[in-house]
Amino acid sequence: MRILFYLLSIVIANVVTAKFAPLQFGMFIVPMGTLFVGATFIFRDLVQNKYGRAKTYAFICIALVISAVVSFLLGDTLMIVAASAISFVIAETADTEIYSRLKLPMAWRVFYSGIVGGFLDSVVFVIVGLSPLGANFLPWEAVPAAIVGQVIVKTVIQTLGAIVLNQVIVIKKKQLIAE
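Residues numbered from 1 in each chain as written. Predicted model: local features only at pLDDT ≥ 70, side-chain atom pairs only at ≥ 80, totals over all residues. Heavy atoms only, no water.

Asker: How should I be thinking about the overall build of the protein in this particular structure?
Answerer: Helices and strands together make up the secondary structure of the protein, namely six helices and two strands. Traced from its N-terminal end to its C-terminal end, the protein shows the element sequence α-β-β-α-α-α-α-α. Its C-alpha atoms give the protein a radius of gyration of 16 Å, within 12% of the compact-globule value 16 Å for 179 residues. Taken along the three principal axes of its C-alpha coordinates, the protein extends 60 × 35 × 30 Å. Burial analysis of the protein (179 residues in total) assigns 43% to the buried set. With an accessible surface of roughly 9,400 Å², the protein has 75% of that area assigned to carbon and sulfur atoms. Here the protein contributes 13 positive and 8 negative side-chain charges, whose respective centroids are spaced 11 Å apart. (Helix = DSSP H or I, 4+ residues; strand = E, 2+ residues; numbered from the N terminus. Rg over C-alpha atoms; globule rule 2.2 N^0.38 Å. Buried < 20%, exposed > 50% of the residue type's maximum accessible area, 1.4 Å probe, protein only. Areas by Shrake-Rupley, 256 points an atom, 1.4 Å probe, with all protein chains shown as cover. Lys, Arg positive; Asp, Glu negative; His and termini not counted. Charge placed at Lys NZ, Arg CZ, Asp CG, Glu CD.)

Asker: Got a minute to help me understand the layout of surface pockets in this structure?
Answerer: Over the atoms, a rolling probe the size of a water molecule traces out where space has been left empty. Approximately 680 Å³ is the volume attributed to the largest pocket. Along its surface, the largest pocket is lined by 34 residues, and Asn14, Thr17, Pro31, Ile80 and Phe125 are the ones closest to its centre. Residue assignment for the lining of the largest pocket shows that the elements contributing at least two residues are helix 1 (2-19), helix 2 (34-51), helix 3 (53-73), helix 4 (78-101), helix 5 (106-130) and helix 6 (143-178). Counting residues per element, the lining of the largest pocket draws most heavily on helix 4, which supplies six residues. Looking at the lining of the largest pocket residue by residue, the classes come out as 19 nonpolar, 11 polar and four charged. Approximately 270 Å³ is the volume found for the second largest pocket. (1 Å grid on protein atoms, 1.4 Å probe; cavity = no way out; pocket = protein on both sides within 12 Å on 5 of 7 lines; lining within 4 Å. Points joined across faces, edges and corners; volume = space filled by probe spheres on them. Nonpolar A, V, L, I, M, F, W, Y, C, P; charged D, E, K, R; others polar.)

Asker: When you look at helix 2 in this model, what are you seeing that I'm missing?
Answerer: It helps to recall that an α-helix has 3.6 residues per turn; residues three or four apart then point in one direction. Compared with an ideal rise of 1.5 Å per residue, which puts 18 residues at 26 Å, helix 2 spans 26 Å between its outermost C-alpha atoms and is within 8% of the ideal. Looking only at helix 2, the buried set comprises Thr34, Val37, Gly38, Ala39, Thr40, Phe41, Ile42, Arg44, Asp45, Leu46, Val47 and Gln48. In the stretch just after helix 2, Gly52 is the one whose phi turns positive, near 90 degrees. (Expected span 1.5 Å × (residues − 1).)

Asker: Explain the nonpolar core to me, please; I cannot follow it from the model alone.
Answerer: One broad rule of soluble globular proteins: the nonpolar side chains tend to lie buried together. Membership of the largest hydrophobic core is limited to 11 residues, which are Ile29, Ile80, Ala83, Phe125, Val126, Leu130, Leu138, Ala142, Val143, Ala146 and Ile147. Of all the secondary-structure elements, those providing two or more residues to this core are helix 4, helix 5 and helix 6. In contact with Leu138, other than residues within four places in its own chain, are Ile29, Val126, Leu130, Ser131, Pro132, Val143 and Ala146. (Core = buried A, V, L, I, M, F, W, Y, C linked by side-chain atoms within 4.5 Å. Contact = heavy atoms within 4.5 Å.)

Below, the structure is given as structure tokens:
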């Protein structure tokens, strides 16, 4: 089930990004799919928690192929597909390695690894995919606002995910004690 949620969140993020105009909060520009991209890091951590680091990399490879195919089928330019793939590999690898190495409770590992993964995903995708270096959808002046907007949204999603996960863990511990 965890793997399904992980893969579905990636497909949904691609579809929502392709089908809906970005949100604009003041100067911040946020593709709609960013809400789901933040969740992918949480689901990836849950997959890793159950299956381990080595198998998680296999699932990341599967997710990468699915993401690229869906993005291409939705009509994204090859530059956007490539930027998405590059940012995905960098962000998912960073998330996996940080999650693996932190010696903290699970909710904190999810939070910290997701923050770094989300930051890297935002920076790489906006610069490689959307800036004048990539598909040239954004002028250089808009690049910082696009990065910061995505980082804010992904951080909020990571925070909410870590809080919910922590509460689930607390409830499970109480249930074990009660038994």
